[in-house]
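Analysis of the macromolecular model
Each chain, letter by letter, is given below.
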Amino acid sequence: MADPQDLIRTFENLKGQRGTWESHWEEIAERVLPRQIGFVGDRTDGEKKTQKVFGAKPMVALERFGAVMDSMLTPRQSRWHNLRTTDENLNRDFEVQDWFYQVNNILYNARYSPKANFAGQNAERWISMGAFGTGALFIDFEPGSGLRYRCVNLRDLFLLENHQGVVDTVYRPFKYTARQAAQRWGEQNLPESIRKCLDNPAKANEKHDFLHVVMPREDYEPGRMDARGKPIGSYYIALRDKVFVAPASGYNTFPYSIGRYVTAPDEVYGRSPAMSALPDIKMLNEM
C-alpha cells in the first residue's frame, strides 16, 4: 500500500533534481514559446510574457515544426495506424482482419470525438516536443463521455524511468479550488482544511495544491476486480494535509503517452530542436 508521505518525499526530491532543466526550459520559453513561461518563479495571471521576443521567426518555426510532425505522424484525415496480432497466420484470416477493421474504426471514432479533444491536445504535445524536447498526453476516461485527452505542461510533469529506460512513473502537481475538488472527489473525501473553505464563499474559489501519482503497483494481484487488480496505480494527494483525497484506483495500461525528441545519455527528459537553435536565436535578439 502506497504511503502519501513517501510519495510526497519522492516528489520533493524530483523537484530538487531538475533545477538546471527548468532554467534551460525557461530560457527557451521566453524566446520561443512565451505562453509557457513559468518554470522558474511564480507568475501572475495575465502578465505580459514577450519581453525577450524581438522577432517572430522562432515562434513561427516552432508552429511549423508542430504542424509538420502532426501531418506526418498523426494526420487527422487518415487512419495513421492499424491494429493487428503478433501471429502472422491470424493476420491473414479474413474474419480476424474484419474484426480488427471494426475495432480500429471504433478507436478512431472515440479518439476524434469532439469530447475527446485529441486533435488540439496532440498538436500541443508536438509544440512542447519542438520547444523543450518532451511532450506528454494524459489519456483519461470520463464516464458517459468516453476518452479524454490532455496535454500536460512540462512544468507539471516529473518523470521516472524503469530499468529499460521506459517512463513508467509520473508525478503531476496541480491546483484545484475547494469547489472543484468537491466536484472531483466528493466533499466527504476532502481533508477538513479544504471542507471548511466550502462553507466560506470568500474562500470557496481559493486554489489548493494536489498531486497525482501514476506508477506500477507493488501489490498488484492479477484477476482481482478492485484497484489491486490494476497493474498501474493511481493516487491523488492533498499536499498541504499529506493525505489521499480519493480511494485507491488504477489503470490497465499506462495513461501517459510520453514523447521525447532525442535523449542524451543518462537523461530522462528529452532535448529539442529549439535547444540546438537557441544560440542563434539569442544572437539575433542581441543584433
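Located above this text is the structure these notes cover.
About the thresholds
- Residues numbered from 1 in each chain as written.
- Predicted model: local features only at pLDDT ≥ 70, side-chain atom pairs only at ≥ 80, totals over all residues.
- Heavy atoms only, no water.
- Buried < 20%, exposed > 50% of the residue type's maximum accessible area, 1.4 Å probe, protein only.
- Helix = DSSP H or I, 4+ residues; strand = E, 2+ residues; numbered from the N terminus.
- Pairing = 2+ DSSP bridges.
- Salt bridge = Lys/Arg side-chain N within 4 Å of Asp/Glu carboxyl O.

The element strand β6 (residues 232-238) is largely enclosed, with a buried count of 7 among its 7 residues. Across 7 bridges, strand β5 (residues 207-216) lies against β6 in antiparallel orientation. The residue of β6 that forms the bridge with V214 is S234. With 3 bridges joining them, β6 and strand β8 (residues 249-251) adopt antiparallel strand pairing. Along β8, the bridge assignment pairs I232 with Y251. Of the strand pairs in this sheet, β6 and strand β7 (residues 243-244) are connected by 2 bridges, and their pairing is antiparallel. Residue pairing across strands places I237 opposite F244, the latter belonging to β7.

A separate point is the pattern of salt bridges. On inspection of all chains with the given rule, the structure shows 17 salt bridges. One salt bridge connects R31 with E30, and the closest N-O pair in it is separated by 3.4 Å. Each member of the pair, R31 as well as E30, is classed as buried. Residue R76 pairs with D70 through a salt bridge whose shortest N-O separation is 3.3 Å. Exposure remark for D70: the relative accessible area of 9% places this residue in the buried category. Beyond isolated ion pairs, a larger network of salt bridges with shared partners links R217, D219, E221, R224, D226 and R228.

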